[in-house]
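One letter stands for each residue in the lines below.
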Amino acid sequence: MRINKKKFIYLISPNKIYSNFYQDLKQVFKTNKISFFQMRLKKYSYKKKLLIGKKIKKICKINSVKFIVNDDPILAKNLNADGCHLGQKDINIKEARKIIGNKIIGITCHNSIKLAKSAIKNNASYIAFGAFFASKTKKPLFKSNIKTLNKAKQLTNIPIVAIGGINSNNYKKLLLNNADFLAISGYIWNNKEYKPIKAIESLK
């Protein structure tokens, strides 16, 4: 997987698809700062996720953004997504590979180098650590730090994703300490000060 330093954002969907979402998504992608978009919709039916996913995939394709599905390799396969992201409680990577083949599979490693080693051994496409900062999007059960990023970088050349409470005040610290991509959701979609386009533009 190629790492483009200018396209360092790994954007995660809002929890709820609002009326102007697709329009906002097109605008946000036009900034050319986003490498990945993850569809993470916990409260929607499979059928609804299939419909939403088809629309998102089209927008991703036009803008050369990799489309990732959270948790569900079968949904990823049915949408012909670029890959899927797996948490530690989801299906294991070997089983997911049987479903989606050689596509992107990212693995949540929380704050654990042991989990990272296991993911690397099982040919994960990228590893994700967090939470680095407090987040309103998802209550963090694990706290990660810069040391974890630096240790992980010594282990592997596969991309490292940092997640959790990332905003315009703290993002540079992570980029300067071996995070290749920053997974962001709340700062973009739930920002009381900025609209999504302005929030993305504030990450220079």
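These remarks concern the structure in this document. (Residues numbered from 1 in each chain as written. Predicted model: local features only at pLDDT ≥ 70, side-chain atom pairs only at ≥ 80, totals over all residues. Heavy atoms only, no water.)

Looking at the overall build of the chain
On a plain count of helices and strands, the chain comes out with nine helices and eight strands. In terms of C-alpha radius of gyration, the chain reaches 16 Å, essentially the compact-globule figure of 17 Å for 204 residues. Principal axes of the C-alpha set define a box for the chain whose edges measure 40 × 40 × 30 Å. When the 204 residues of the chain are sorted by exposure, 50% land in the buried category. Long-range contacts, defined as pairs at least 24 residues apart, comprise 57% of the intrachain contacts of the chain with a sequence gap of at least 6. For the chain, the exposed area adds up to about 11200 Å²; of that, 51% sits on carbon and sulfur atoms. (Helix = DSSP H or I, 4+ residues; strand = E, 2+ residues; numbered from the N terminus. Rg over C-alpha atoms; globule rule 2.2 N^0.38 Å. Buried < 20%, exposed > 50% of the residue type's maximum accessible area, 1.4 Å probe, protein only. Contact = heavy atoms within 4.5 Å. Areas by Shrake-Rupley, 256 points an atom, 1.4 Å probe, with all protein chains shown as cover.)

Digging into the pairing of strand 7 (residues 160-163)
It is a general feature of regular strands that their side chains alternate between the two faces of the sheet. Where strand 6 (residues 126-130) lies against strand 7, four bridges are found, and the strand directions are parallel. Residue Ala-128 lies in a different strand from strand 7, and its bridge partner there is Val-161. Alignment of strand 7 against strand 8 (residues 181-184), held across three bridges, turns out to be parallel. Considered in strand 8, the bridge of Ile-163 is made with Ala-183. (Pairing = 2+ DSSP bridges.)

Thoughts on the sheet that holds strand 8
The parallel closed barrel is built from eight strands, whose spatial order is 1-2-3-4-5-6-7-8. Neighbour-to-neighbour, the strand axes of the sheet open up by a mean angle of 25°, direction not taken into account. In the packing of helix 2 (residues 46-62) onto the sheet, contacts are made with strand 2 (34-39) and strand 3 (66-70), and the angle to strand 2 comes to roughly 175°. Each of strand 5 (104-108) and strand 6 touches helix 5 (residues 113-121); the most contacted strand, strand 6, lies at about 165° to it. (Axes fitted to C-alpha atoms, helices over the stretch in contact; angles between N-to-C directions.)

Some remarks on the environment of Ser-45
Counting through the fold element by element, Ser-45 comes out in the loop between strand 2 and helix 2. You can call Ser-45 partly exposed: its relative accessible area is 42%. Measuring from C-alpha to C-alpha, the distance between Ser-45 and Ile-163 comes to 26 Å, with 118 residues separating the pair along the chain. Within the structure, Ser-45 has its side chain in polar contact with the backbone nitrogen of Lys-48 (distance 3.1 Å). (Polar contact = N/O pair within 3.5 Å; in protein donor to acceptor, adjacent residues only side chain to side chain.)

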